[in-house]
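What follows is the residue order along each chain.
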Amino acid sequence: MKEIITDSRFRLILMANIASSIGSGITMIAIPWLLVTSENGNVLFGYITIGMTLINFIVTPYIGTLVDRVSRKNLLLISEIICLVAILLFSILGFVGLTYTIWHYTAIYVIGSLYYTIFYPTMFAMNQEIFNRNQYKSLNGTMEVQGQLSTMIAGAVASYLLVHWELQSILLLNVFSYAAAAYFYVRLPYKKTNNTNKMNTRKGGWEGISYMKDHPALFIFLLFSTFPFLGVMITNYLFPVYLSDVLKVSGEIYAIESMIYAIGAITAGLAIPVIAQKFGNELTVIVGVILFSFAISLIVFVSLPIYLSLMFFLALGNSGTRVARNSFMMDHIPNEIIGRVDGLFRTVGLLFRILTLALFTKMISSDLIIICFLILSGIMVIAAFTVFISWKNGLNKTMYEKLS
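Residues numbered from 1 in each chain as written. Predicted model: local features only at pLDDT ≥ 70, side-chain atom pairs only at ≥ 80, totals over all residues. Heavy atoms only, no water.

**Digging into the overall build of the protein chain**
Scanning the protein chain from N- to C-terminus turns up 15 helices and zero strands. Scaling as 2.2 N^0.38, a compact globule of 404 residues should have a C-alpha radius of gyration of about 22 Å, and the protein chain matches this with 20 Å. Projected onto the principal axes, the alpha-carbon positions of the protein chain cover approximately 60 × 45 × 40 Å. With 404 residues in all, the protein chain has 57% of them scored as buried. Within the protein chain, contacts between residues at least 6 apart in sequence are counted, and of these 88% link residues at least 24 apart. Accessible surface, the protein chain as shown: approximately 16900 Å² in total, 68% of it carbon and sulfur. Averaged over its 26 positive side-chain charges, the protein chain has a centre that lies 9 Å from the centre of its 19 negative ones. (Helix = DSSP H or I, 4+ residues; strand = E, 2+ residues; numbered from the N terminus. Rg over C-alpha atoms; globule rule 2.2 N^0.38 Å. Buried < 20%, exposed > 50% of the residue type's maximum accessible area, 1.4 Å probe, protein only. Contact = heavy atoms within 4.5 Å. Areas by Shrake-Rupley, 256 points an atom, 1.4 Å probe, with all protein chains shown as cover. Lys, Arg positive; Asp, Glu negative; His and termini not counted. Charge placed at Lys NZ, Arg CZ, Asp CG, Glu CD.)

**Looking at helix H4 (residues 72-95)**
For H4, with 24 residues, the first-to-last C-alpha span of 35 Å sits near the 34 Å given by 1.5 Å per residue. Phi turns positive one or two residues past the end of H4, at Gly97, with a value near 105 degrees. (Expected span 1.5 Å × (residues − 1).)

**Things to note about the nonpolar core**
Counting 122 residues, the largest nonpolar core has Leu238, Ile299, Leu314 and Ile333 as its most contacted members. A per-element tally of this core places helix H2 (residues 8-36) first, with 13 residues. If we ignore the near neighbours within four places in the chain, the residues touching Leu238 are Phe360, Ile364, Ile369, Cys372, Phe373 and Leu376. (Core = buried A, V, L, I, M, F, W, Y, C linked by side-chain atoms within 4.5 Å.)

**A word on the packing of helix H5 (residues 102-130) against helix H6 (residues 136-164)**
For the pair H5 and H6, interaxial distance at closest approach is 11 Å and the crossing angle is 150 degrees. In this structure, H5 meets H6 at a crossing whose hand is right-handed. Residues Met123, Asn127 and Gln128 of H5 touch H6, and the partners they reach there are Tyr136, Leu139 and Met143. The class makeup of the residues in the contact of H5 with H6 is four nonpolar, two polar and no charged. (Axes fitted to C-alpha atoms, helices over the stretch in contact; angles between N-to-C directions. Left-handed = near helix turned anticlockwise from the far one by under 90°. Nonpolar A, V, L, I, M, F, W, Y, C, P; charged D, E, K, R; others polar.)

**A look at the packing of aromatic side chains**
Summed over the entire model, instances satisfying the criterion amount to 19 aromatic pairs. A centroid spacing of 5.7 Å and a plane angle of 35 degrees characterise the contact between Tyr116 and Tyr120, whose relative ring orientation is tilted. One end of the pair, Tyr116, and the other, Tyr120, are both in helix H5, four residues apart, so they sit about a helical turn from each other. On the basis of relative accessibility, which here comes to 43%, the residue Tyr120 falls in the partly exposed class. Consider the rings of Phe221 and Phe328, whose centres lie 5.6 Å apart with planes at 55 degrees: the pair is tilted. (Phe/Tyr/Trp six-rings, centres within 6.5 Å; stacked < 30°, edge-to-face > 60°.)

**A closer look at the confidence of the model for the protein chain**
On average, residues of the protein chain carry a pLDDT of 85, and 93% of them reach 70 or more. Here helix H1 (residues 2-5) stands out as the element of the protein chain with the lowest mean pLDDT, 71, in contrast to H4, whose mean of 94 is the highest. (pLDDT = per-residue confidence, 0-100.)

**Side note on H6**
The end-to-end C-alpha distance of H6 is 41 Å, a good match for the 42 Å that 29 residues give at a rise of 1.5 Å each. Along its length, H6 shows its largest kink, about 25 degrees, at Ala158. (Bend = angle between axes of the 7 residues up to and from the residue.)

**Topic: the side chain of Lys73**
Counting through the fold element by element, Lys73 comes out in helix H4. No salt bridge is formed by the buried Lys73. Its closest oppositely charged neighbour is Glu129, at 12 Å. Within the structure, the side chain of Lys73 is placed 2.7 Å from the backbone oxygen of Leu188, a separation counted as a polar contact. Residues within four places of Lys73 in sequence aside, it is in contact with Met126, Tyr185, Val186, Leu188 and Tyr190. (Salt bridge = Lys/Arg side-chain N within 4 Å of Asp/Glu carboxyl O. Polar contact = N/O pair within 3.5 Å; in protein donor to acceptor, adjacent residues only side chain to side chain.)

**So, the environment of Ile48**
Checked against the element boundaries, Ile48 lands in helix H3 (residues 41-69). The spacing of Ile48 and Val110 is 62 residues in sequence and 8.7 Å in space, taken between C-alpha atoms.

**Some details on a nonpolar patch on the surface**
A cluster of nonpolar side chains, namely Ile81, Val85, Leu89, Ile92, Val96 and Leu98, defines an oily patch on the protein surface of about 540 Å² accessible area. Looking at the element boundaries, Leu98 is found in the loop between H4 and H5. (Patch = residues over 30% accessible without salt bridge, like charges linked within 9 Å, V, L, I, M, F, W, Y side chains within 5 Å.)

**A look at the packing of H5 against helix H7 (residues 167-187)**
Packing of H5 against H7 leaves a shortest axis separation of 14 Å and a crossing angle of 20 degrees. What the angle tells us is that H5 and H7 run roughly parallel. The crossing of H5 and H7 is left-handed. Taking contact as the criterion, the partners of Tyr105, Ile108, Tyr115, Phe119 and Met123 in H5 are, on H7, Leu167, Leu171, Tyr178 and Tyr185. Tallied by class, the residues present in the contact of H5 with H7 amount to nine nonpolar, no polar and no charged. (Parallel < 35°, antiparallel > 145°, perpendicular 65-115°, else oblique.)

Next up, the structure:
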């Protein structure tokens, strides 16, 4: 980890990520809470989340192809600038005296969600492109620590700002964070690797599908190992509703939940590179999925203090899985198609989220949120079982021969 931290390129990436993650993180904590606590906000937020997930489902394959074709640095820089301008406009509206309504909240949520949709696959591919293979575990662990530390800071700041600041001031802080990130990206030394001749880029997103068809055990393993992350995305809708309607707590508890989750994720970022170095990325992924499945299965049966404690283990399972899985993908997926392969899994995951959120939104409108958690628990248990079986019966026996 010391080697990666001393790399000047990584330090610039780290500072850019910290800036944008804290600013956008505060906004993306504030907006869902403002939506959920508005009139009929629980169901409305569900429909907004479904709509945004559907948009992401449509654009993700194209983003994956774009990531493989253009300068990844420029793609990140352009996304920062576009979001800066858009959020600045909404901030100005508040400062000139306009009262924010549901559609304003919705538009801001859409901007933040699209930013994440572009940011994560682009950063993932660029990191694989510019750093060495022996740095991947430390790289992904450090990035997880950075991301979750930023989330923890965002949660702490949001718990204060939700009470003491108006939305336009929160948005202005987000604007400054995007500006800082853009500055660091401008300074980043980067030259796109000329690797488009190695794989056919004319097939677009189909190249990712074609590659996975040749490696079915790898596909099953990577697909179901994304389920902890999918579970987190779904609980981003379920948890605010559960806290507000079932546990009857304030927005400060929601922010504290985010902080505890971040502590667990930071722990994973520090520990998982060492664990994966000793036991391998594959076994580390399996344990992470199992841990997440166990924690989510207990969530509705416990009191608030234990509920908050379980956030630590949910984070440890999800982030531990992600760190090991990202290192595994960087080791075995060619960089020239990493955007499209990663986009394939994101697209399938988004389809799962659309169907699940549609079901859960309908159930929540009928006061069945506890059943939603039980269904999610069952899905995660199935995912854990499938990841283990795919590794035991296929991946660990054939992977290295097929990928050689």
